[in-house]
Amino acid sequence: RSAAGAIALTGDGIGMSAGADIQAAGRASLASGGDIRLGHVASALAAPAGAASIVITAAGSILSNGDAGTLLDASGTGGAIALQAGVNLGSTTAALTFAAPRLSARSLAGDIHLATSGATHVTSLVSNAGAATLVAGGNLTIDAATIAGHAEISTTAGALDIAALTAGASSVLSASGAVTLGDTAMTAGDLAITSTDANLSLAGLDVAGNLTLTAAT
């Protein structure tokens, strides 16, 4: 714990044991030449534009250690999280949970599984070789998402706004609120878009397969 500064950890592999906790007043950064298993990591830093409060980088996978609750917490004003993994970010059974006004995430050769209980603004979501799943519990804004495989992006309590999306396999977008979708290219597969309580606003759709639209209004 650092009450006044930053925390930086590096290693060939980093594993946080059950209940382990990292708290930094400044930036919290973890970098590994192998895998990282995350416990709770928090930063109070209000990051300037282009920077992040929490930075996690691994040549291998970045995974949960199994602890409950929010693993990555940069929920204060100006908080931002940056994630990059050589393989997977989270797993199908344990998504990486986070809280932050801003997030960027990239997987070079695996899948992405992320979840937040609140609202967030994703500046970049990139999966170079795999799929991506992102679930939010509030308004979800994404500037650009480039997914080699299947994309499943949803919010259970708010609007979904994606400025640009490219995906390489059948994908699903859903929100309880309005769905706004900008330039979208599905290079293979189908696309299903659902708003359970509001409307759809769509522009520039190019879908290789079937397009299914469902809206309340």
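This one's a predicted model, so the numbers in the text were calculated from it and none came from an experiment.

Description of the sheet that holds strand β5 (residues 36–38)
Right, on to step 1. The 3 strands lie next to each other as β2-β5-β8, forming an open sheet whose pairing is parallel. Only two strands of the sheet have a single partner each, and these edge strands are β2 (14–15) and β8 (62–64).

Section: the environment of Thr-141
Right, on to step 1. With respect to the element layout, Thr-141 can be found in strand β16 (residues 140–142).
Right, on to step 2. Measuring from C-alpha to C-alpha, the distance between Thr-141 and Thr-120 comes to 6.5 Å, with 21 residues separating the pair along the chain.
Right, on to step 3. Contacts of Thr-141, omitting those with residues within four sequence positions, involve Thr-120, His-121, Val-122 and Asp-161.

A word on the pairing of strand β13 (residues 112–115)
Right, on to step 1. The side-chain alternation of β13 yields two buried faces, one formed by Ile-112 and Leu-114 and the other by His-113 and Ala-115.
Right, on to step 2. With 2 bridges connecting them, strand β11 (residues 96–99) and β13 associate as parallel partners. Along β13, the bridge assignment pairs Leu-96 with Leu-114.
Right, on to step 3. Bridging between β13 and strand β15 (residues 132–136) involves 4 bridges; their strand directions are parallel. Residue pairing for β15: Ala-115 is matched across the bridge by Val-135.

What about the environment of Gly-149?
Right, on to step 1. In this structure, Gly-149 sits in the loop between β17 (145–147) and β18 (151–155).
Right, on to step 2. Since its relative accessible area comes to 14%, Gly-149 is described here as buried.
Right, on to step 3. C-alpha of Gly-149 to C-alpha of Ala-167: the two residues are 18 residues apart in sequence and 6.0 Å apart in space.
Right, on to step 4. Apart from residues no more than four positions distant in its own chain, Gly-149 is found in contact with Gly-130, Ala-131, Ala-167, Gly-168, Ala-169 and Ser-171.

About the criteria used
Residues numbered from 1 in each chain as written. Predicted model: local features only at pLDDT ≥ 70, side-chain atom pairs only at ≥ 80, totals over all residues. Heavy atoms only, no water. Pairing = 2+ DSSP bridges. Helix = DSSP H or I, 4+ residues; strand = E, 2+ residues; numbered from the N terminus. Contact = heavy atoms within 4.5 Å. Buried < 20%, exposed > 50% of the residue type's maximum accessible area, 1.4 Å probe, protein only.

This is a description of form; function is not addressed.
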